[in-house]
Structures are given as structure tokens and as C-alpha cells.
Amino acid sequence: MTPPVAAIVCVRRKSALLAAMTLLLAALGWQGHAAGYPMGMSLLAASTVQAVICCAVFRSRLLNAMTAANFLLFLFHTIVISRFLGQDGAPIVFHFADFGCAVLGAASLVFTPIETMALVVREAYLRRPRRRTPP
């Protein structure tokens, strides 16, 4: 296999693994919601795990910031929002906060693989053989 073809195969393989991981984690997040956890908390947990896995593969300040933001938002949801959602007659503001956390978790589930794929393509581009111009 020639080096450019090998680089394309490598990018395709990594993108397929990343897509499968994303679908699996999104399904686990929805399964957590079906099991009775708040939707925001389950999607934030799935997106935090995904961001940690992507950070382990590639070092990026943006992925590190996404991981920290997801984790802090998950902790906030666990400590503050979930406590009030379990009560009967909870104020509507906590339901809106849970919905907002769910939207942010779902957005993170979409954004993190896009950033990681950009890093995969950049790495393949930097590893490609360079053509030498004749003198």
C-alpha cells in the first residue's frame, strides 16, 4: 500500500471507531434516562466519558476545556439540579436547567468527535510524505 492510501485507510478506520463510540455512548446516555436518571445528567455523563476518551487519544487544549466543562456541569447537575428534580412539585426552573444540561450534553456528543476527527486528519496530513521539487 502506498503511503497516501495508508493514511486514508488510517483516517477511515479512526473515524469509524470514533463514530461507533459516539453512537454507543449516546445510546448509553439515553439508556440512563430510560432507567430513571434525569436526561441532562445522563447525557452529560456520556459526553464526559467521550471527552475523556478523546483527550486520551489526542492532546488538545480545546478537548481539555471541553472535558473540564462537561465534568463541572455534571457535578453541578448532580449536586444541585438532581436534588430538586426528584421532589414532587419541583419548580419549573429546575426542569429548564435539566433540559439545558441535556442540550449541552448532546452538543458535546456532536462537537467532541468533530474536533477529534479534525485532529486525526491533521495528524495524517502532517505524516504524509513530502514531494521534493527538482533543482
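Because the structure is a prediction, the values reported are computed rather than measured.

The next point concerns the environment of Thr 67. By secondary structure assignment, the location of Thr 67 is in helix H3 (residues 61–85). With 14 residues separating them in the primary sequence, Thr 67 and Ile 53 have C-alpha atoms 9.5 Å apart. The contact partners of Thr 67, leaving out residues within four places of it in the chain, are Ala 51, Val 52 and Cys 55. Within the local environment of Thr 67, its side chain forms a polar contact with the backbone oxygen of Leu 63, the two atoms lying 2.8 Å apart.

Within the secondary structure, Ser 60 is located in the loop between helix H2 (39–57) and H3. With a relative accessible area of 11%, Ser 60 lands in the buried category. Those residues in contact with Ser 60 that lie beyond four places of it in its chain are Glu 115 and Leu 119.

How each quantity is defined
Residues numbered from 1 in each chain as written. Predicted model: local features only at pLDDT ≥ 70, side-chain atom pairs only at ≥ 80, totals over all residues. Heavy atoms only, no water. Helix = DSSP H or I, 4+ residues; strand = E, 2+ residues; numbered from the N terminus. Contact = heavy atoms within 4.5 Å. Polar contact = N/O pair within 3.5 Å; in protein donor to acceptor, adjacent residues only side chain to side chain. Buried < 20%, exposed > 50% of the residue type's maximum accessible area, 1.4 Å probe, protein only.

Everything listed here is a matter of coordinates, which is why it stays silent on function.
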